[in-house]
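# Structure at a glance
One-letter residues, chain by chain:
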Amino acid sequence: MRKDIHPPYGPVVFRDKSAGFAFLTRSTATSEKTVEWEDGRTYPVIDVEVSSASHPFYTGTAKVLDTAGRVERFERRFGARRPGERGR
C-alpha cells in the first residue's frame, strides 16, 4: 500500500441500542464517543439504527406479503386477462 493515502484502520465498537447488541471489529470509521469493552480497553463507539440483532430479515419477524390476495384484488378491479392476450 502507498503510504499516507489511506485512513487509519483500527478497532471500533458498533452498537445497536434498540437491540442492546454491540460488536467489536476493525474499521476506518471513527467517533468521538468511547466505550469500555469486555476486555477492559476503551474503544471508539458508533451507534447504528439497524444491525443483524434488530433487522426483521435476520430476526425472523419479517412480514410475509399476501401476493395471491393482491393478484386476486387486481383481477377483480381490472378484470383478468384472456389466455393468449398480450399487454398493450
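Here's what I pulled together on the structure shown here. (Residues numbered from 1 in each chain as written. Predicted model: local features only at pLDDT ≥ 70, side-chain atom pairs only at ≥ 80, totals over all residues. Heavy atoms only, no water.)

## Remarks on the overall build of the chain
- Secondary structure assignment for the chain yields two helices and four strands.
- Along the chain, from the amino end to the carboxyl end, the secondary structure elements read β-β-β-β-α-α.
- Here the chain, with 88 residues, has 12% of them falling under the buried criterion.
- By sequence separation, contacts in the chain at least 24 residues apart represent 34% of the contacts at least 6 residues apart.
- Roughly 8,000 Å² of accessible area belongs to the chain as shown, and the carbon and sulfur atoms make up 51% of that amount. (Helix = DSSP H or I, 4+ residues; strand = E, 2+ residues; numbered from the N terminus. Buried < 20%, exposed > 50% of the residue type's maximum accessible area, 1.4 Å probe, protein only. Contact = heavy atoms within 4.5 Å. Areas by Shrake-Rupley, 256 points an atom, 1.4 Å probe, with all protein chains shown as cover.)

## Quick look at the side chain of D16
- Within the secondary structure, D16 is located in strand β1 (residues 10-16).
- One buried charged residue, D16, forms no salt bridge at all, with the nearest opposite charge on R15 at 8.7 Å.
- A polar side-chain atom of D16 sits 2.7 Å from a polar atom in the side chain of S18.
- In terms of polar contacts, D16 uses its side chain to reach the side chain of S51, at 2.7 Å. (Lys, Arg positive; Asp, Glu negative; His and termini not counted. Salt bridge = Lys/Arg side-chain N within 4 Å of Asp/Glu carboxyl O. Polar contact = N/O pair within 3.5 Å; in protein donor to acceptor, adjacent residues only side chain to side chain.)

## Quick look at the pattern of salt bridges
- Applying the stated rule across the entire model yields two salt bridges.
- The partner of R15 in a salt bridge is D47, with the nearest N and O atoms 2.7 Å apart. Of this pair, R15 sits in strand β1 while D47 is found in strand β4 (residues 42-48), placing the two residues 32 residues apart along the sequence.
- Assessed through its relative accessible area of 24%, R15 is described here as partly exposed.

## Focus on the sheet that holds strand β2 (residues 21-27)
- Strand order across the open sheet formed by four strands is β2-β1-β4-β3, with mixed pairing between neighbours. Bordering the open sheet on either side are β2 and β3 (34-36), each of which pairs with just one other strand. Strand-to-strand, the axes of this sheet are offset by a mean angle of 45°, without reference to chain direction.
- When β1 meets β2, the two strands line up antiparallel, connected through seven bridges. By the bridge assignment, R15 is partnered in β2 with A22. (Pairing = 2+ DSSP bridges. Axes fitted to C-alpha atoms, helices over the stretch in contact; angles between N-to-C directions.)

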